[in-house]
Amino acid sequence: MNITDIRMRKVEKEGKMKAVASITIDDEFVVHDIKVIQGEKGLFIAMPSRQTPDGEYKDIAHPINSNTRISIQDKILSKYEDEYGGEAL
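Everything numeric in this text was worked out from a predicted model, so none of it was measured.

(A) Quick look at the pattern of salt bridges. Across all of its chains, the model carries four salt bridges by this definition. Asp33 is the partner of Arg9 in a salt bridge, and the nearest nitrogen-oxygen pair spans 3.8 Å. Here the residue Arg9 occupies a position in strand β1 (residues 3–10), and Asp33 occupies one in strand β3 (residues 29–39), the gap between them amounting to 24 residues. Residue classification places Arg9 among the partly exposed residues on the basis of a relative accessible area of 46%. Accessibility expressed as a relative area gives 41% for Asp33, which makes it partly exposed. Its salt-bridge partner being Lys79, residue Glu83 comes within 3.3 Å of it at the nearest N-O pair. Placement of both Glu83 and Lys79 in helix α1 (residues 66–84) is noted, with a separation of four residues, approximately one turn of the helix. The class for Glu83 is partly exposed, based on a relative accessible area of 37%. By relative accessible area, which is 27% here, Lys79 ends up partly exposed.

Rules used throughout
Residues numbered from 1 in each chain as written. Predicted model: local features only at pLDDT ≥ 70, side-chain atom pairs only at ≥ 80, totals over all residues. Heavy atoms only, no water. Salt bridge = Lys/Arg side-chain N within 4 Å of Asp/Glu carboxyl O. Helix = DSSP H or I, 4+ residues; strand = E, 2+ residues; numbered from the N terminus. Buried < 20%, exposed > 50% of the residue type's maximum accessible area, 1.4 Å probe, protein only.

In structure tokens form, the structure reads like this:
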């Protein structure tokens, strides 16, 4: 699996969410609405999710293993820092 494109939209309002990313995988599949969030230990990503009727949030799309999650997160956060210079850190 290769991430062949990352598009970043900065969130202008104050809060923990800093940007929203879309990734293209192998020039064939796109995942939208990956959130870049400022946590207590730094930036991290949250995969696209929806709220269930009982108020719980469930991921719509997500990596199956931690190595893939880390790889996706590293690429998205690198793109975020390239575009915005880590200004939200």
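Resuming the write-up.
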